[in-house]
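Chains, contacts and geometry: an overview
The chain contents come next:
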Amino acid sequence: ELEATLASRTDELDRREKKQKREAERQEQTAERLDRHAEDLTERERALARLGQSLLSRRSENGAAEPEPQPVAHKPRESSFSDGIAALSAAAKSIRPRD
């Protein structure tokens, strides 16, 4: 009876160990997928910020207020997603429909 109990517990421990290994693999795959997604989002945010800045500079060229002087950049400025959205919003407000 003692051997049967030990065998039963050993089987249960083996099942739990396999389950934990599968869960660890799933979590690792999820972490990798989330890292790739975060990198993609970061690149999209940067592209959106560049687009917003481009639209703002076009607006400035079309007779709007003078652009703010750009500081001497030793390193490209990181723009956040909200900066890009704000720039796009400002550019969209300045565009008048053409008749």
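This section reports on the structure supplied with the text. Bear in mind the structure is a predicted one, so any value in this text is a computation, not a measurement. (Residues numbered from 1 in each chain as written. Predicted model: local features only at pLDDT ≥ 70, side-chain atom pairs only at ≥ 80, totals over all residues. Heavy atoms only, no water.)

**Overview of the overall build of the protein**
Selection rule: Helix and strand assignments come from DSSP, with helices taken as H or I runs of at least 4 residues and strands as E runs of at least 2, each series counted from the N terminus. Partly exposed describes any residue whose relative accessible area lies between the buried limit of under 20% and the exposed limit of over 50%, with all areas from a 1.4 Å probe on protein chains only and scaled to the type maximum. To be clear on the numbers: accessible area is Shrake-Rupley with a 1.4 Å probe, and residue cover counts the displayed protein chains and nothing else.
Scanning the protein for helices and strands turns up two helices and zero strands. Taken over 99 residues, the protein has a buried fraction of 8%. About 9,200 Å² of surface is accessible on the protein, with carbon and sulfur atoms providing 51% of the total.

**Re the pattern of salt bridges**
Once the charged atoms of two side chains with opposite charge are near each other, the side chains can pair. To be explicit about the condition: The salt bridge criterion pairs a side-chain nitrogen of Lys or Arg with a carboxyl oxygen of Asp or Glu, the two atoms within 4 Å.
All told, the structure shown has six salt bridges when counted by the stated rule. Arg15 serves as the salt-bridge partner of Glu12, at 2.7 Å between the closest nitrogen and oxygen. You can see Glu12 and its partner Arg15 sitting in helix α1 (residues 2-61), three residues apart, about one turn around the helix. With a relative accessible area of 30%, Glu12 lands in the partly exposed category. The residue Lys21 makes a salt bridge to Glu17 at a minimum N-O spacing of 3.6 Å. Here the residue Lys21 and the residue Glu17 both occupy positions in helix α1, the gap between them amounting to four residues, near one helical turn. Look at Glu17 and you get partly exposed, because its relative accessible area is 40%. One network of salt bridges, with partners in common, ties together Glu12, Arg15 and Arg16.

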